[in-house]
Amino acid sequence: MGENLFDSFDGIAVREDGEVHWAARAPYRPEPGFDLMLVPRVPDWWDHEAPRQALERIEAEPWVDSVSQTGDAVRLRLDDDWVEAAGAALEAGEGALANGDLASGQSFAVYFWGANTTKALHIGHLRNLAVGNAIGASLTQGGGRVEHRSLICDIGRSMGEAMAGVVAKGGEEQVWPDGDEKSDHFVGYCYADYVKSGRGNGGDGDDGAEDSVARESSIHNDRADELMMRVLDGDQKAIELWSKTRAWVISGQRKTLARLGVSFDKVIFESDFLPEVAELTNLGLGEGTLTRRYGDDMVMYETRREELEEMPLVRSDGLPTQHMRALAYWSAAPELDDCVSLQVCGNEWVSHVTCRRQLIDALGVSNGNGNGSAKGGGPPTHDIFHGMVARENRSISSSKEGALLIDELVAWVEQEIGRHPGGEEVRRNHPAPDRIPAQVALGYFLLQPTTKQVDFTPEKLLRANKESLGWDLARAQAHRGGAGQLAGDRPAADPDYRFAVVQAEMYRRHLRSSIENYDAIQLARYLSHFARWYCEEERPPEVERVVQTVIGHGVRGLGLGDNR
């Protein structure tokens, strides 16, 4: 197809000094007589020579048929031959939407997943997976070398609680598989029961930053503390229980990830960086950056920040908190040279990340990896925060009543598709019907502004009301026009065909936005609108072929299809 339409336009409408004369916008729906709306960026443009000359240059391009002005509106109609040549490439799928230059030559490490090895994955984790996977998919489609990574918490107070819960249930002698229950579900039930019993914390636990760190900062002298300390002391039997519990959870979580079509290239365990914990503790105490709190000897960092005045780092018995375990990894952060690194996490961790970066600078241990974060404090290069997931405006965690597991949600979607009007037809015509439930579950979160909390109910997933990207795309992939006829003797005479070709040209612009901003929401919104327009009625085969090329690229570009 050659250069992208909008890239060509920008090359003419924007001067070398960066001054923008005109912007091109595609209409929301097919419009008779024109294909693009031209928006002036210079007030009273007709009184200025530069924007008038730019408009003349635009009109002289071979891909332009005409430029017309009616009142304040300036409209552009594309050349019929250009429309048909571009459309033919899309219909054939050969070389169409080639965007591998957008991130070519760059390397990225995208950190997400990041759950504890104490439980099954719930829908709070699903948003993290959807956001991280979409970012990685966009970068991959843009030609970047992308590695999906996860830093997994497998040490600390919550791990001791999971182990203690497994022992209480008699699970330490169990060899998996045993029955139909998933191993991560079993450990999660054991963990939650132990926490709620009062032996762990005297109440409900949480997954949030403030709560989890507060819980693991105190010495409880219970079975959970005993087991975790035995692991740190090298007790073989405790290590075997710890290893088994961790393996059960990771194995179960990986089955969930496989069902979602989400894969990881590298998994890093916090326990591998315990030597760095000792080094940082000694360094900080020796320099006076860290202190021991009076009364319990907890190693602390006084941040002098209102949002987190004190960072508890290491208990008096040597057990590091989440703050210290993250500090140990990111201060070392191996294999990040010449690599842009991105960490995706919930916005409840903002204060932790801010103070962790500050402490790395204070200790002077930043290794410079991560391609030079502008925020200081070593890698990652970029922090990508998302709002929490709530049900009835209550935040979700696996230790709270009513947490919905991802496995349960995907199974529910699979069942509901069969009950949904037209659901069986979608499943029958979809190119990968087994992928639909995951596509629906993950896609929902990509239409939500990243930083805002999402109030979630499963029933929203299959609504055709601009909320469910995954279902919009599934319907479009399964939609077959066939019976429709072009409006004229040639494709360029059909407004729908012209509209579909222009929308295809817009794909690159939205993919570039995802890559540059590390946020897929604009690409998701564009694809949702395009898919819903396509499904409104039967389309001619020529339009269908153009649309299916775009939708197929979009599904992969958002990480909702087989793209790795």
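As a reminder, the structure under discussion sits directly above these lines.
A quick note: this is a predicted structure, and the numbers were derived from the prediction, not measured.

Chemist: Is there a simple way to explain the nonpolar core in this structure?
Modeler: Soluble globular proteins tend to pack their nonpolar side chains together in the buried interior. In terms of nonpolar packing, the biggest core is built from 112 residues, with Trp-22, Leu-129, Phe-456 and Leu-558 touching the most fellow members. Counting residues per element, this core draws most heavily on helix H17 (residues 495-517), which supplies ten residues. Among the nonpolar cores identified, the runner-up in size contains 27 residues, and Leu-151, Phe-273, Leu-313 and Leu-363 belong to it.

Chemist: Sorry if this is basic, but what is going on with the side chain of Asp-154 here?
Modeler: Assignment of secondary structure puts Asp-154 in the loop between strand E6 (145-152) and helix H5 (157-168). With relative accessibility at 0%, the residue Asp-154 sits in the buried group. One polar contact links Asp-154 to Ser-271, side chain to side chain, over a distance of 2.6 Å. Those residues in contact with Asp-154 that sit more than four places away from it in its chain are Thr-117, Met-159, Trp-242, Arg-246, Phe-269, Glu-270 and Ser-271.

Chemist: Quick question: what am I supposed to make of helix H13 (residues 406-419) here?
Modeler: Quick reminder: α-helices carry 3.6 residues per turn. Residues three or four places apart thus point the same way. For H13, with 14 residues, the first-to-last C-alpha span of 20 Å sits near the 20 Å given by 1.5 Å per residue. For H13, the set of buried residues is Ile-406, Asp-407, Leu-409, Val-410, Val-413, Glu-416 and Ile-417. Where H13 is buried, its residues touch helix H4 (123-141), helix H6 (183-196), helix H9 (236-260), helix H14 (423-429), helix H15 (436-443) and helix H16 (469-478).

Chemist: How do you make sense of empty space enclosed by the protein when you look at a structure like this?
Modeler: Rolled over the atoms, a probe as big as a water molecule pinpoints where empty space is left. This structure, assessed with the given rule, holds two cavities of 30 Å³ or more. Within this model, the second largest cavity holds a volume of roughly 90 Å³. Lining the second largest cavity we find 13 residues, and of these Val-131, Leu-446, Thr-450, Asp-519 and Ala-520 sit closest to its centre. A breakdown of the residues in the lining of the second largest cavity according to their chemical character gives nine nonpolar, two polar and two charged.

Chemist: So what exactly am I meant to see when it comes to the pattern of salt bridges here?
Modeler: Two side chains carrying opposite charge are able to pair once their charged atoms lie near each other. Counted according to the given criterion, the structure contains 37 salt bridges. Its salt-bridge partner being Arg-325, residue Glu-270 comes within 2.5 Å of it at the nearest N-O pair. One end of the pair, Glu-270, is in the loop between strand E7 (266-269) and helix H10 (274-287); the other, Arg-325, is in helix H11 (residues 322-332), with 55 residues separating them in the sequence. Pair check on accessibility: Glu-270 and Arg-325 agree, each one buried. Residues participating in the shared-partner salt-bridge network are Arg-157, Glu-161, Asp-222, Asp-225, Arg-315 and Asp-317.

Chemist: Whenever I open this one, the packing of aromatic side chains confuses me. Can you help?
Modeler: Aromatic ring pairs are defined here through the distance separating the ring centres and the angle between the ring planes. Tallying each qualifying case throughout the model produces 16 aromatic pairs. Ring plane angle 75° and centroid distance 5.9 Å describe the contact between Phe-186 and Trp-248, whose orientation is recorded as edge-to-face. Residue Phe-186 is located in helix H6, and its partner Trp-248 is located in helix H9; the two are separated by 62 residues in the primary sequence. Each member of the pair, Phe-186 as well as Trp-248, is classed as buried. A ring pair is formed by Phe-445 and Phe-456, whose centres lie 5.7 Å apart and whose planes are at 20°; its orientation type is stacked. Highlighted residues: Phe-445 in the loop between H15 and strand E15 (454-455) and Phe-456 in the loop between E15 and H16, separated in sequence by eleven residues. Given a relative accessible area of 1%, Phe-445 falls into the buried group. One aromatic cluster in this structure is built from Phe-499, Tyr-507, Tyr-526, Phe-530 and Trp-533. The residue whose ring lies beneath Arg-246 is Trp-242, and the NZ or CZ to ring-centre distance is 4.8 Å. Directly above the aromatic system of Phe-269 lies the positively charged group of Arg-246, at a separation of 4.0 Å from the ring centroid.

Chemist: How should helix H1 (residues 5-13) be read in this particular structure?
Modeler: Within H1, seven of the nine residues are buried, which leaves it mostly tucked inside the rest of the structure. For H1, the complete set of buried residues consists of Leu-5, Phe-6, Asp-7, Ser-8, Phe-9, Ile-12 and Ala-13. Residues of H1 that are buried in the fold lie against strand E1 (22-25), strand E2 (36-40), helix H2 (49-59), strand E4 (73-78), helix H3 (80-92) and H17. At the N-terminal end of H1, a side-chain oxygen is found 2.9 Å from the backbone nitrogen of Phe-6, two or three residues along, and the residue is Asn-4.

Chemist: Would you mind showing me how to read the environment of Glu-19 here?
Modeler: With respect to the element layout, Glu-19 can be found in the loop between H1 and E1. Separated by 23 residues in the primary sequence, Glu-19 and Val-42 have C-alpha atoms spaced 9.3 Å apart. Leaving out residues up to four positions away in the same chain, Glu-19 has contacts with Ala-13, Val-14 and Val-42.

Chemist: Help me understand unusual backbone geometry, please; the structure alone is not making it clear to me.
Modeler: As a rule of thumb, non-glycine residues mostly have phi less than zero, and peptide bonds are mostly trans rather than cis. A cis geometry characterises the amide bond from Pro-379 onward to Pro-380, with omega recorded as 0°. The phi dihedral of Asn-221 is positive, around 55°, even though this residue is not glycine. Look at Asn-221 and you get exposed, because its relative accessible area is 70%. Of note in the backbone geometry, Asp-338 takes a positive phi value of approximately 55° without being a glycine. In this fold, Asp-338 is placed in the loop between H11 and strand E11 (340-346).

Chemist: What is the right way to look at the sheet that holds strand E12 (residues 382-386) in this model?
Modeler: Sheet strands line up and pair through hydrogen bonds in the backbone, either parallel or antiparallel. Pairing within the open sheet is parallel, and its five strands lie in the order E7-E6-E5-E11-E12. If you trace the sheet from one side to the other, it starts and ends with E7 and E12, each paired once. Sheet twist, expressed as the mean angle between neighbouring strand axes with direction ignored, is 25°. Pairing analysis gives four bridges linking strand E5 (residues 107-111) to E11, with the strands arranged parallel. By the bridge assignment for E11, Tyr-111 is matched with Gln-343. In the packing of H4 onto the sheet, contacts are made with E5, E6, E11 and E12, and the angle to E11 comes to roughly 160°.

Cut-off values and rules
- Residues numbered from 1 in each chain as written.
- Predicted model: local features only at pLDDT ≥ 70, side-chain atom pairs only at ≥ 80, totals over all residues.
- Heavy atoms only, no water.
- Core = buried A, V, L, I, M, F, W, Y, C linked by side-chain atoms within 4.5 Å.
- Buried < 20%, exposed > 50% of the residue type's maximum accessible area, 1.4 Å probe, protein only.
- Helix = DSSP H or I, 4+ residues; strand = E, 2+ residues; numbered from the N terminus.
- Polar contact = N/O pair within 3.5 Å; in protein donor to acceptor, adjacent residues only side chain to side chain.
- Contact = heavy atoms within 4.5 Å.
- Expected span 1.5 Å × (residues − 1).
- 1 Å grid on protein atoms, 1.4 Å probe; cavity = no way out; pocket = protein on both sides within 12 Å on 5 of 7 lines; lining within 4 Å.
- Points joined across faces, edges and corners; volume = space filled by probe spheres on them.
- Nonpolar A, V, L, I, M, F, W, Y, C, P; charged D, E, K, R; others polar.
- Salt bridge = Lys/Arg side-chain N within 4 Å of Asp/Glu carboxyl O.
- Phe/Tyr/Trp six-rings, centres within 6.5 Å; stacked < 30°, edge-to-face > 60°.
- Lys NZ or Arg CZ within 6 Å of the ring centre and 35° of its normal.
- Pairing = 2+ DSSP bridges.
- Axes fitted to C-alpha atoms, helices over the stretch in contact; angles between N-to-C directions.

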